[in-house]
Amino acid sequence: MTIKKIMVIGAGQMGSGIAQVCAQAGYKVIFNDLKPEIVRKGIEGIDKNLSRQVKKERMTNEEKDAVISRLLPSSDLQDAKEADLVIEAAVENINVKCKIFSNLDAIVPEHAILATNTSSLPITEIAAATNRPEKVIGMHFMNPVPVMKLVEIIRGLATADEVYQTIEDLTHALSKVPVEVNDSPGFVSNRVLMPMINEAIYTLYEGVATKEAIDEVMKLGMNHPMGPLTLADFIGLDTCLYIMETLHDGFGDDKYRPCPLLRKYVKAGWLGKKSGRGFYIYDESI
Ligand code: CAA
Ligand code: NAD
């Protein structure tokens, strides 16, 4: 199937990155969020990223403008009527995602594929909210999307082979590397990564070391590019908590119990870099 127009739902950090790489690969992108100002902020972020590339002489100003012109701002889900593919990157909540998919199902053309960038939620359950489960698939990008090569691709129970093939081809067209994994809580990436982050939070909670020391041990000792607490702030503490809850509920195993400190920070609105405070304090003006 030929994909020409892609709708990206959610203009947060992941949606913005996905919209950027799709537009850079030449696709027209309907870029949707709940409010126009959120989409505007997303486009400003993409513009800033691309301006860095221009400054480094990896792209001309004209090329940058062409990428930005392929982004079509939207705050109305009805705009999905023109999409060949929707990639959903809204909040990590099963009810929100099922609602979006059920609404989209009634709007998009018959041939359209509905993909979700969920970090951990069951693709089969999201697909069941539609009347086209064979056209629903998981397309899990990594953060920051313009830099990270991996896309986990996850079939739901009913996903058609040709839908899988189309998404694998698209992943290559975006200069990413697809890896197929099964529909299981957290897939592979977050089944392995998130318990490590949760354990780092327990280590802080139990006073084993300071946040700086925990991050330094993992950076210098294990060669991780970011310490786990910095990475948690970067991902978003709300997203980390949702993923841990999905692992805990999905496996029914207490080894996935979210750390109470993580819950407390999320309740306080300390969501990490995106809210200005998490384990660390971020000042965008610096
Ligand atoms: N958007 C776009 N580009 C970015 C970026 C962003 N947010 N942040 C950094 N970059 C680019 C920089 O422009 C720079 O590009 P060039 O080398 O081409 O000039 C490059 O990345 C390196 O950046 P820096 O030198 O500023 O910083 P760094 O070397 O420390 O790298 C990093 C930054 C790539 C984010 C690195 O710290 C890293 O790899 N961190 C770990 C990221 C990670 O683990 N991601 C997975 C998270 S889990 C997930 O995504 C799944 C989930 O469901 C939660
Ligand atoms: P974010 O909080 O930065 O952005 C979420 C965006 O979704 C917000 O702008 C919000 O306004 C929007 N939104 C919420 N409900 C919506 C709706 N009904 N319609 C349209 N927009 C809606 O979150 P994020 O980090 O970009 O994460 C988005 C998704 O990507 C989540 O499912 C998350 O698990 C997944 N993901 C996150 C990461 C990460 O590192 N943060 C990595 C891979 C996948």
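Residues numbered from 1 in each chain as written. Chains lettered and ligands numbered in written order. Predicted model: local features only at pLDDT ≥ 70, side-chain atom pairs only at ≥ 80, totals over all residues. Heavy atoms only, no water.

1. A word on the site of ligand 1
Alright, step 1. The full set close to ligand 1 counts 18 residues, and Lys-56, Arg-58, Ser-119, His-140 and Asn-143 are the nearest of them.
Alright, step 2. In the model, an oxygen atom of ligand 1 is placed 2.6 Å from a nitrogen or oxygen of the Arg-58 side chain.
Alright, step 3. A distance of 2.7 Å separates an oxygen atom of ligand 1 from a polar side-chain atom of His-140.
Alright, step 4. Look at ligand 1: alone it shows 1000 Å² of surface, and the protein chains cover 63% of it.
Alright, step 5. Those elements giving two or more residues to the shell around ligand 1 turn out to be helix 2 (36–55), helix 7 (189–205) and helix 9 (228–235).
Alright, step 6. Taken together, the residues of the shell around ligand 1 sort by class into 10 nonpolar, 5 polar and 3 charged. (Near = heavy atom within 4 Å. Polar contact = N/O pair within 3.5 Å; in protein donor to acceptor, adjacent residues only side chain to side chain. Areas by Shrake-Rupley, 256 points an atom, 1.4 Å probe, with all protein chains shown as cover. Helix = DSSP H or I, 4+ residues; strand = E, 2+ residues; numbered from the N terminus. Nonpolar A, V, L, I, M, F, W, Y, C, P; charged D, E, K, R; others polar.)

2. Observations regarding the state of the cysteines
Alright, step 1. This model, assessed by the stated rule, comprises 0 disulfides.
Alright, step 2. Cys-259 takes part in no disulfide bond, and the closest cysteine sulfur, belonging to Cys-240, lies 12 Å away.
Alright, step 3. Residue class for Cys-259 comes out buried when judged on its relative accessible area of 0%. (Disulfide = S-S within 2.5 Å. Buried < 20%, exposed > 50% of the residue type's maximum accessible area, 1.4 Å probe, protein only.)

3. Regarding the UniProt feature "site: Important for catalytic activity" (unreviewed entry) in the protein
Alright, step 1. Taking the UniProt record as the reference, the feature "site: Important for catalytic activity" (unreviewed entry) is found at His-140.
Alright, step 2. Within the fold, His-140 resides in strand 6 (residues 136–141).
Alright, step 3. The residues touching His-140, leaving out its near neighbours within four places in the chain, are Thr-116, Asn-117, Thr-118, Ser-119, Leu-150, Val-151, Glu-152, Ile-154, Phe-187, Ser-189 and Asn-190. (UniProt positions renumbered as here; feature names shortened; annotations may be inferred. Contact = heavy atoms within 4.5 Å.)

4. Things to note about the nonpolar core
Alright, step 1. Ile-6, Phe-31, Leu-85, Ile-87, Met-139 and Phe-141 are the most contacted members of the largest nonpolar core, which has 37 residues in total.
Alright, step 2. Considering every element that reaches this core, the biggest residue donor is helix 1 (residues 13–24), with 6 residues.
Alright, step 3. Every residue in contact with Phe-141, bar those within four places of it in the chain, is listed here: Met-14, Ile-18, Ile-87, Asn-117, Leu-150, Val-151 and Leu-174.
Alright, step 4. Judged by nonpolar contacts, the second largest core, of 26 residues, contains Ala-200, Leu-204, Val-266 and Phe-279. (Core = buried A, V, L, I, M, F, W, Y, C linked by side-chain atoms within 4.5 Å.)

5. Thoughts on the pattern of salt bridges
Two side chains bearing opposite charge may form a pair once their charged atoms approach each other closely.
Alright, step 1. Per the counting criterion, the structure on display carries 11 salt bridges.
Alright, step 2. The shortest N-O distance in the salt bridge between Lys-97 and Glu-92 comes to 3.9 Å.
Alright, step 3. Judged by its relative accessible area of 1%, Lys-97 is buried.
Alright, step 4. You can call Glu-92 buried: its relative accessible area is 8%.
Alright, step 5. With a shortest N-O distance of 2.8 Å, Glu-245 and Arg-263 are connected by a salt bridge. (Salt bridge = Lys/Arg side-chain N within 4 Å of Asp/Glu carboxyl O.)

6. Focus on the sheet that holds strand 8 (residues 177–181)
Alright, step 1. Pairing is mixed in the open sheet, where 8 strands are placed in the order 3-2-1-4-5-6-7-8. The sheet terminates laterally at strand 3 (71–74) and strand 8, the two strands that pair on one side only. Pairs of neighbouring strands in the sheet enclose a mean axial angle of 25°, with direction left out of account.
Alright, step 2. Across 4 bridges, strand 2 (residues 28–32) lies against strand 3 in parallel orientation. What sits directly across from Val-29, in strand 3, is Leu-71.
Alright, step 3. Along the sheet, helix 1 makes contact with strand 1 (5–9), strand 2, strand 3, strand 4 (85–88) and strand 6, crossing strand 2 at roughly 165°.
Alright, step 4. Strands strand 1, strand 4, strand 5 (113–116) and strand 6 of the sheet are contacted by helix 4 (residues 94–105), whose axis makes an angle of about 170° with strand 5. (Pairing = 2+ DSSP bridges. Axes fitted to C-alpha atoms, helices over the stretch in contact; angles between N-to-C directions.)

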